[in-house]
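The primary structure of each chain is shown beneath.
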Amino acid sequence: VDNIRNFRKDFEQMLISAQIGNVVVIVDDLDRCTPERIIDTLEAIKLFLSVERTTFIIAADQNVIQYAIRKKYPHIDGSDVELSTEYIEKIIQLPIYIPELSSKDIENYLLLLVTQSYLSPNDFQSLLEKVYVEKYIVRDTRITLPEIKSLISDLHLKYVPSEAKFMEDVNIIDSIRDIVSSTLKGNPRQAKRFLNTFVTKKSLAQMYYGNDIDMRILAKLLVLQKLDSDLFNQLNEWNKEFTLCNDKFKAMYNAVMANTSN
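As the structure is a prediction and not an experimental result, all values here were calculated from the model. (Residues numbered from 1 in each chain as written. Predicted model: local features only at pLDDT ≥ 70, side-chain atom pairs only at ≥ 80, totals over all residues. Heavy atoms only, no water.)

Participant: Explain the overall build of the protein to me, using residue names and the numbers behind them.
Facilitator: Looking only at helices and strands, the protein features 12 helices and two strands. Along the protein, helices (α) and strands (β) appear in the sequence α-β-α-β-α-α-α-α-α-α-α-α-α-α when read from the amino end. Relative to its length of 262 residues, the protein is extended, with a C-alpha radius of gyration of 26 Å against a globular reference of 18 Å. Along the first, second and third principal axes, the C-alpha set of the protein runs to 80 × 55 × 35 Å. The buried share among the 262 residues of the protein stands at 27%. When contacts within the protein are restricted to residue pairs at least 6 apart in sequence, long-range pairs at least 24 apart make up 69% of them. For the protein, the accessible area works out to roughly 18000 Å², and carbon and sulfur atoms hold 54% of it. The centroid of the 32 positive side-chain charges in the protein is displaced by 3 Å from the centroid of its 37 negative side-chain charges. (Helix = DSSP H or I, 4+ residues; strand = E, 2+ residues; numbered from the N terminus. Rg over C-alpha atoms; globule rule 2.2 N^0.38 Å. Buried < 20%, exposed > 50% of the residue type's maximum accessible area, 1.4 Å probe, protein only. Contact = heavy atoms within 4.5 Å. Areas by Shrake-Rupley, 256 points an atom, 1.4 Å probe, with all protein chains shown as cover. Lys, Arg positive; Asp, Glu negative; His and termini not counted. Charge placed at Lys NZ, Arg CZ, Asp CG, Glu CD.)

And the structure:
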């Protein structure tokens, strides 16, 4: 106890002597640690480093942190006290909850991700600033492809390597982003992963098939794989019986188009 008290005192005095106004420490991805490491980190912050002129910003999934606390400090039988909640409240003084992105936000994000890959970093930054100035992000409707093209033209930005290549990819993503956005449930990391997967699959498909493959169908297959892996695997099984076409898929398609009950 004396060692902890002395450390805190020395640490606080060091900040004063160095004439530092405030030290801000950002702890990211804490929820990716083991439960033991999560508790060790939180307790180290509380015991040793939480002094005047220090601010800690902890980015983490609260559910994972609560799980780690419950594992370290199990519930006491007969007690109404929720230890995990009280523990967090004693350490985190100002919780800020970040909501999931809406479907509209994910659609905007996908469109901007594609655009980013065809502009230089400086040009894309200029485009983003214009998007925010014009309040495209906070309005009720999604950003459209013609609006993005208009902004790029107005700002005299240059496509890399070409506008034709940009249009080839952006038209595909634009046609499916409404379906993708509802599938990803507000997760921007998954949106980026989906786009990276599409780019990789597209390159591999072109190596094998050249330009004889419809990339829109490839994109929709990736959506199907994300939406329902069982249906995706079923389609793959049907492909193994391929003759002149995928007969079972064709029969299903014709039935759907004919509005049959089965």
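Participant: If you had to explain the packing of helix α2 (residues 35-49) against helix α4 (residues 83-91) to someone new, which residues and values would you point to?
Facilitator: Their axes nearest at 11 Å, the elements α2 and α4 cross at an angle of 40 degrees. In this view, α2 runs oblique relative to α4, as classed from their interaxial angle. The two elements α2 and α4 cross, and the hand of that crossing is left-handed. On the side of α2, the interface is formed by Ile-39, Leu-42, Glu-43 and Lys-46, while α4 contributes Tyr-87, Lys-90 and Ile-91. Among the residues making up the contact of α2 with α4, the classes are represented as four nonpolar, no polar and three charged. (Axes fitted to C-alpha atoms, helices over the stretch in contact; angles between N-to-C directions. Parallel < 35°, antiparallel > 145°, perpendicular 65-115°, else oblique. Left-handed = near helix turned anticlockwise from the far one by under 90°. Nonpolar A, V, L, I, M, F, W, Y, C, P; charged D, E, K, R; others polar.)

Participant: So what about helix α6 (residues 121-133)? Which residues, and what values?
Facilitator: Between the first and last C-alpha of α6 there are 18 Å, a value that for 13 residues agrees with the 18 Å anticipated at 1.5 Å per step. Taken together, the buried positions of α6 are occupied by Asp-123, Phe-124, Leu-127 and Val-131. Viewed along the axis of α6, the buried residues span an arc of 95 degrees, placing them on a single side of the element. Facing away from the buried side of α6 by more than 90 degrees, the exposed set consists of Pro-121, Asn-122, Tyr-132 and Val-133. Packing partners of the buried residues in α6 comprise α5 (103-116) and α7 (145-154). (Expected span 1.5 Å × (residues − 1). Arc of directions from axis to C-beta.)

Participant: Explain the pattern of salt bridges residue by residue, including any values.
Facilitator: One pass over the structure, following the stated rule, counts 13 salt bridges. In this structure, Glu-147 and Arg-139 form a salt bridge, with 2.6 Å as the shortest nitrogen-oxygen distance. Overall, Arg-139 belongs to the partly exposed group, its relative accessible area being 23%. Its salt-bridge partner being Arg-216, residue Asp-214 comes within 3.1 Å of it at the nearest N-O pair. Judged by its relative accessible area of 30%, Asp-214 falls in the partly exposed class. A network of salt bridges, in which partner residues are shared, links Glu-168, Asp-169 and Lys-202. (Salt bridge = Lys/Arg side-chain N within 4 Å of Asp/Glu carboxyl O.)

Participant: Pulling in residues and values, what's your account of the packing of aromatic side chains?
Facilitator: Two descriptors summarise a pair of aromatic rings, namely the distance from one centre to the other and the angle between the planes of the rings. Here the structure, examined in full by the defined rule, presents five aromatic pairs. Taken together, the ring pairs in this structure connect Tyr-118, Tyr-159 and Phe-166 into an aromatic cluster. (Phe/Tyr/Trp six-rings, centres within 6.5 Å; stacked < 30°, edge-to-face > 60°.)

Participant: Please provide a residue-by-residue account of the environment of Leu-222, values included.
Facilitator: Residue position: Leu-222 is located in helix α10 (residues 215-227). Residues Leu-222 and Phe-232, spaced 10 residues apart in sequence, show a C-alpha to C-alpha distance of 8.8 Å. What Leu-222 contacts, discounting residues up to four positions off in sequence, is Phe-194, Thr-197, Phe-198 and Lys-201.

Participant: Tell me about the pairing of strand β2 (residues 54-58), and name the residues and values.
Facilitator: Two strands pair when backbone bridges link them, and strand β1 (residues 23-27) and β2 are joined in this way by five bridges, in the parallel orientation. Note that in β2 the partner of Val-23 across the bridge is Thr-54. Note that the unit made of β1, α2 and β2 has a crossover that is right-handed. (Pairing = 2+ DSSP bridges. Right-handed = clockwise from strand over helix to strand, strands pointing away.)

Participant: Before we move on, can you summarise α4 with the specific residues and values?
Facilitator: Residues Ser-84, Tyr-87, Ile-88 and Ile-91 constitute the buried set of α4. All buried residues of α4 lie within an arc of 95 degrees about the axis, which places them on one face of the element. Those residues of α4 that are exposed and angled more than 90 degrees off the buried face are Glu-89 and Lys-90.

The analysis is restricted to geometry; functional conclusions fall outside its scope.
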